[in-house]
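Architecture at a glance
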Amino acid sequence: MSALKLATYNINGIRSRLPILLQWLAKEQPDIVCLQELKAVDADFPVAELRKAGYGALWHGQRSWNGVAILARDGMPLESRRGLPGDPDDTQSRYLEAAVHGVLVGCLYLPNGNPQPGPKFDYKLAWFDRLIAHAATLCNAGIPAVLAGDFNVVPTDADIYNPKSWRKDALLQPESRARYDRLLAQGWLDSLRHLHPDQPMYTFWDYFRQHWQRDAGLRIDHLLLNAELAPRLQTAGVDRWVRDLESTSDHAPTWITFTGYAVPADDD
């Protein structure tokens, strides 16, 4: 069985971070990539550059904000859904779903929700409820499925360098954490926490107060696997070297490897 690598990465502006993205793709060669915060309209998505790098792509852009994409190495994602169901008036580009290399991939950028309380936090919780409702269909689809992206939720106090100064932040609110727990209760496996139960696995370090230099991080980028995919999980990690580059995103690519399809034997 061959191993596949699936990564999620909040790029925080795909046009300005494109050289970093291409450098990371060339070095790490993930087979499936979920991107968030493209901050670009569809026409500005760098499809030609990614194709030259060996990746087919689907994207759902939005000017200045949001935006998600799914990349497939040596292939093309087969789109199954664009936008999260449940609110026809929601125009924010935060969810994209596709079949890639034998896996159903839901790429998401969950709302931040700050400041809270207020309408942005209400939107976060309503969006989360819609995600939970849709995720149940994926979890029980009977095929390998993953939910990958920036969830903007710190699941527990063990997932943050120091929760004290973040207690009022939307990422740590009891309502946010309770919804994450409800999602897991459907049968999803939190892959990073499963393989690294006692080790800090930060995926985000903001630009202020030397948080990166002090390793004052948070784990908010998650890869959740359903029952069909979870037994195939092999390894998980964070490409921290990307966060150390100049003019980089405040997130680092977060990844898993899992067994994929059977490779035909060589007749020779």
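How each quantity is defined
- Residues numbered from 1 in each chain as written.
- Predicted model: local features only at pLDDT ≥ 70, side-chain atom pairs only at ≥ 80, totals over all residues.
- Heavy atoms only, no water.
- Pairing = 2+ DSSP bridges.
- Helix = DSSP H or I, 4+ residues; strand = E, 2+ residues; numbered from the N terminus.
- Axes fitted to C-alpha atoms, helices over the stretch in contact; angles between N-to-C directions.
- Contact = heavy atoms within 4.5 Å.
- UniProt positions renumbered as here; feature names shortened; annotations may be inferred.
- Buried < 20%, exposed > 50% of the residue type's maximum accessible area, 1.4 Å probe, protein only.
- Polar contact = N/O pair within 3.5 Å; in protein donor to acceptor, adjacent residues only side chain to side chain.
- 1 Å grid on protein atoms, 1.4 Å probe; cavity = no way out; pocket = protein on both sides within 12 Å on 5 of 7 lines; lining within 4 Å.
- Points joined across faces, edges and corners; volume = space filled by probe spheres on them.
- Nonpolar A, V, L, I, M, F, W, Y, C, P; charged D, E, K, R; others polar.
- Parallel < 35°, antiparallel > 145°, perpendicular 65-115°, else oblique.
- Salt bridge = Lys/Arg side-chain N within 4 Å of Asp/Glu carboxyl O.

1. Focus: the sheet that holds strand 3 (residues 55-60)
Read from one edge to the other, the open sheet built from six strands follows the order 3-4-2-1-12-11, with strand pairing classed as mixed. Of all the strands in the sheet, just strand 3 and strand 11 (233-238) have a single pairing partner and so form its edges. Ignoring strand direction, the axes of neighbouring strands in this sheet form an average angle of 15°. Direction of pairing for strand 2 (residues 32-36) relative to strand 4 (residues 68-73): antiparallel, over a ladder of five bridges. Bridge pairing in strand 4 links Cys34 to Ile70. Sheet strands in contact with helix 1 (residues 18-28) are strand 1 (3-10), strand 2, strand 3 and strand 4, and its direction is about 165° off that of strand 1.

2. Focus on the UniProt feature "domain: Endonuclease/exonuclease/phosphatase" (unreviewed entry) in the protein chain
As recorded in UniProt, the feature "domain: Endonuclease/exonuclease/phosphatase" (unreviewed entry) lies at residues 7-251. Measuring from the first to the last C-alpha atom of residues 7-251 gives 12 Å, for a span that is 24% helix and 24% strand.

3. Examining the side chain of His251
Counting through the fold element by element, His251 comes out in the loop between helix 6 (240-243) and strand 12 (254-259). Since its relative accessible area comes to 3%, His251 is described here as buried. Separated by 2.9 Å, the side chains of His251 and Asp221 make a polar contact.

4. Some details on the layout of surface pockets
Volume-wise, the largest pocket comes out at about 680 Å³. Along the wall of the largest pocket there are 27 residues; nearest its centre are Glu37, Tyr109, Asn112, Gly113 and Asn152. Residues that form the lining of the largest pocket fall into these classes: 10 nonpolar, nine polar and eight charged.

5. A short note on the sheet that holds strand 5 (residues 78-82)
Adjacent strands of a sheet form backbone hydrogen bonds with each other and so pair up, either parallel or antiparallel. With mixed pairing, six strands are arranged side by side in an open sheet as 5-6-7-8-10-9. Bordering the open sheet on either side are strand 5 and strand 9 (189-190), each of which pairs with just one other strand. Inspection of the sheet shows strand 6 (residues 95-100) paired to strand 7 (residues 103-109) by six bridges, in the antiparallel sense. Each residue of the ladder has a partner; that of Tyr95, found in strand 7, is Leu108.

6. Section: the environment of Ala43
Its location among the elements puts Ala43 in the loop between strand 2 and helix 2 (47-52). Put simply, Ala43 and Gly61 are 18 residues apart on the chain and 8.5 Å apart in space, counted from C-alpha to C-alpha.

7. Some details on the environment of Arg82
Residue placement: Arg82 occurs in strand 5. Residue classification places Arg82 among the partly exposed residues on the basis of a relative accessible area of 37%. Residues Arg82 and Arg182, spaced 100 residues apart in sequence, show a C-alpha to C-alpha distance of 23 Å. Not counting the four nearest positions on each side in its chain, Arg82 is found in contact with Trp59, His60, Tyr95 and Leu96. Within the local environment of Arg82, its side chain forms a polar contact with the backbone oxygen of Trp59, the two atoms lying 2.7 Å apart. Of note is the side chain of Arg82, whose polar atom sits 2.8 Å from the side chain of Glu79.

8. Overview of the packing of helix 3 (residues 119-139) against helix 4 (residues 174-185)
Contact pair helix 3 / helix 4: the axes reach a minimum separation of 10 Å and the direction vectors enclose 5°. Comparing the axis directions of helix 3 and helix 4 gives the class roughly parallel. Facing helix 3, whose interface residues are Phe121, Lys124, Leu125, Phe128, Asp129, Leu131, Ile132 and Ala135, helix 4 presents Glu175, Ser176, Arg179, Tyr180, Arg182 and Leu183. When its residues are assigned to classes, the contact of helix 3 with helix 4 shows eight nonpolar, one polar and five charged.

9. Considerations on the pairing of strand 6
On a regular strand, one side chain projects to one face of the sheet and the next to the other, so that they alternate. The buried count for strand 6 comes to five of six residues, which makes it a mostly enclosed element. With four bridges joining them, strand 5 and strand 6 adopt antiparallel strand pairing. Bridge assignment links Arg82 to a residue of strand 6, and that residue is Leu96. Following strand 6, the chain reverses through two residues before pairing antiparallel with strand 7; His101 in that reversal takes a positive phi of roughly 50°.

10. Describing the pattern of salt bridges
Under the criterion given, the structure shown has 15 salt bridges. Across the pair Asp157 and Arg167 runs a salt bridge whose closest N-O atoms are separated by 2.7 Å. Here Asp157, found in the loop between strand 8 (145-150) and helix 4, pairs with Arg167, found in the loop between strand 8 and helix 4; they are 10 residues apart in sequence, far enough to count as distant. For Asp157, a relative accessible area of 33% corresponds to the partly exposed category. What makes Arg167 partly exposed here is its relative accessible area of 41%. For the salt bridge of Arg177 with Asp157, the shortest nitrogen-to-oxygen distance reads 3.0 Å. Taken as a pair, Arg177 in helix 4 and Asp157 in the loop between strand 8 and helix 4 lie far apart in primary sequence, 20 residues in all.

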